[in-house]
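So the chains spell out like this:
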Amino acid sequence: MPTITFVLKDGTRQDVQAAIGTSIMKAALDHGVTGIEAECGGCLTCATCHSYIDSEWIDRLPARRPEEDVMVECAMDVRPTSRLTCQIPFTEDLDGIVVHIPQSQI
Ligand code: FES
């Protein structure tokens with residue numbers, strides 16, 4: 001099954017097997033990845049699914065929609081690679097993607 005690698009705040013890597021079509025946020029929740037709270041359940045109203053997409057992968061993602069742009073600015077320590085993981089559908093092309101959890105995430 002395709003894999004997402006989450007790099008946790010302490011540097012630990014957590015490989016998660018995820019179904020194609022789910023969101024990266026949902027895959028994190030399903031596997032108890034620390035630092036992805038997703039309080040709004042993916043409704044784009046909380047920014048608690050904020051993560052940094054690894055620089056090797058960021059250009060393979062579709063661009064942020066304006067609605068995501070607005071909400072990501074509500075997150076702390078925003079970087080050019082910041083994304084709200086609830087807005088990223090996991091596709092076959094993203095098998096192996098690396099996602100870093102920000103230090104600011106609970
Ligand atoms: Fe709330 Fe992503 S889960 S914005």
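Here's a quick rundown of the structure. (Residues numbered from 1 in each chain as written. Predicted model: local features only at pLDDT ≥ 70, side-chain atom pairs only at ≥ 80, totals over all residues. Heavy atoms only, no water.)

1. A closer look at the overall build of the protein
- When you go through the protein residue by residue, the secondary structure sums to 2 helices and 5 strands.
- Going from N to C terminus, the protein has its helices and strands arranged as β-β-α-β-α-β-β.
- Here the C-alpha atoms of the protein give a radius of gyration of 12 Å, agreeing with the 13 Å that 2.2 N^0.38 yields for 106 residues.
- Each of the three principal axes of the protein carries a C-alpha extent, and together these read 35 × 30 × 25 Å.
- Taken over 106 residues, the protein has a buried fraction of 49%.
- Once local pairs closer than 6 in sequence are excluded, the contacts in the protein between residues at least 24 apart make up 62%.
- Total accessible area on the protein is roughly 5600 Å²; 50% of this is exposed by carbon and sulfur atoms.
- Looking at the protein, you have 8 positive and 16 negative side-chain charges, and the mean spots of the two groups are 1 Å apart. (Helix = DSSP H or I, 4+ residues; strand = E, 2+ residues; numbered from the N terminus. Rg over C-alpha atoms; globule rule 2.2 N^0.38 Å. Buried < 20%, exposed > 50% of the residue type's maximum accessible area, 1.4 Å probe, protein only. Contact = heavy atoms within 4.5 Å. Areas by Shrake-Rupley, 256 points an atom, 1.4 Å probe, with all protein chains shown as cover. Lys, Arg positive; Asp, Glu negative; His and termini not counted. Charge placed at Lys NZ, Arg CZ, Asp CG, Glu CD.)

2. A closer look at the nonpolar core
- Counting 32 residues, the largest nonpolar core has I4, F6, V33, I53 and I97 as its most contacted members.
- Only strand 1 (3-7), helix 1 (24-30), helix 2 (66-72) and strand 5 (98-100) provide two or more residues apiece to this core.
- Broken down by element, the residue count for this core peaks at 4 residues, all from helix 1.
- With near-sequence residues (within four places) excluded, I4 lies in contact with Q14, D15, V16, A18, I24, A27, F90, I97 and V99. (Core = buried A, V, L, I, M, F, W, Y, C linked by side-chain atoms within 4.5 Å.)

3. Some thoughts on the layout of surface pockets
- Empty space within the largest pocket amounts to approximately 160 Å³.
- In terms of lining residues, the largest pocket is bounded by G35, E37, E39, C46, A47, T48, C74, A75, M76, S104, Q105 and I106.
- When its residues are assigned to classes, the lining of the largest pocket shows 6 nonpolar, 4 polar and 2 charged. (1 Å grid on protein atoms, 1.4 Å probe; cavity = no way out; pocket = protein on both sides within 12 Å on 5 of 7 lines; lining within 4 Å. Points joined across faces, edges and corners; volume = space filled by probe spheres on them. Nonpolar A, V, L, I, M, F, W, Y, C, P; charged D, E, K, R; others polar.)

4. Section: the packing of aromatic side chains
- Under the definition given, this model contains 0 aromatic pairs.
- Taking NZ or CZ as reference, R60 lies 4.0 Å from the ring centre of W57, over its face.
- The ring of Y52 has R79 sitting right over it, with the charged end atom 4.0 Å from the ring centre. (Phe/Tyr/Trp six-rings, centres within 6.5 Å; stacked < 30°, edge-to-face > 60°. Lys NZ or Arg CZ within 6 Å of the ring centre and 35° of its normal.)

5. Examining the side chain of D54
- Within the fold, D54 resides in the loop between strand 3 (50-53) and helix 2.
- There is no salt bridge for the buried D54, and the closest opposite charge comes from R13, which lies 6.3 Å off by N-O distance.
- Polar side-chain contacts of D54 include one of 2.8 Å to the side chain of H100.
- Not counting chain neighbours up to four residues away, the residues in contact with D54 comprise V98 and H100. (Salt bridge = Lys/Arg side-chain N within 4 Å of Asp/Glu carboxyl O. Polar contact = N/O pair within 3.5 Å; in protein donor to acceptor, adjacent residues only side chain to side chain.)

6. Side note on the sheet that holds strand 2 (residues 13-17)
- What the 5 strands build is an open sheet, ordered 2-1-5-3-4; its pairing is mixed. Every interior strand has two partners, whereas the edge strands, strand 2 and strand 4 (82-84), have only one. The mean inter-strand angle of the sheet, taken between neighbouring strand axes irrespective of direction, is 35°.
- Bridge count for strand 3 against strand 4 is 3 bridges, and the pairing is antiparallel. Across the sheet, the residue bridging to H50 is L84, located in strand 4. (Pairing = 2+ DSSP bridges. Axes fitted to C-alpha atoms, helices over the stretch in contact; angles between N-to-C directions.)

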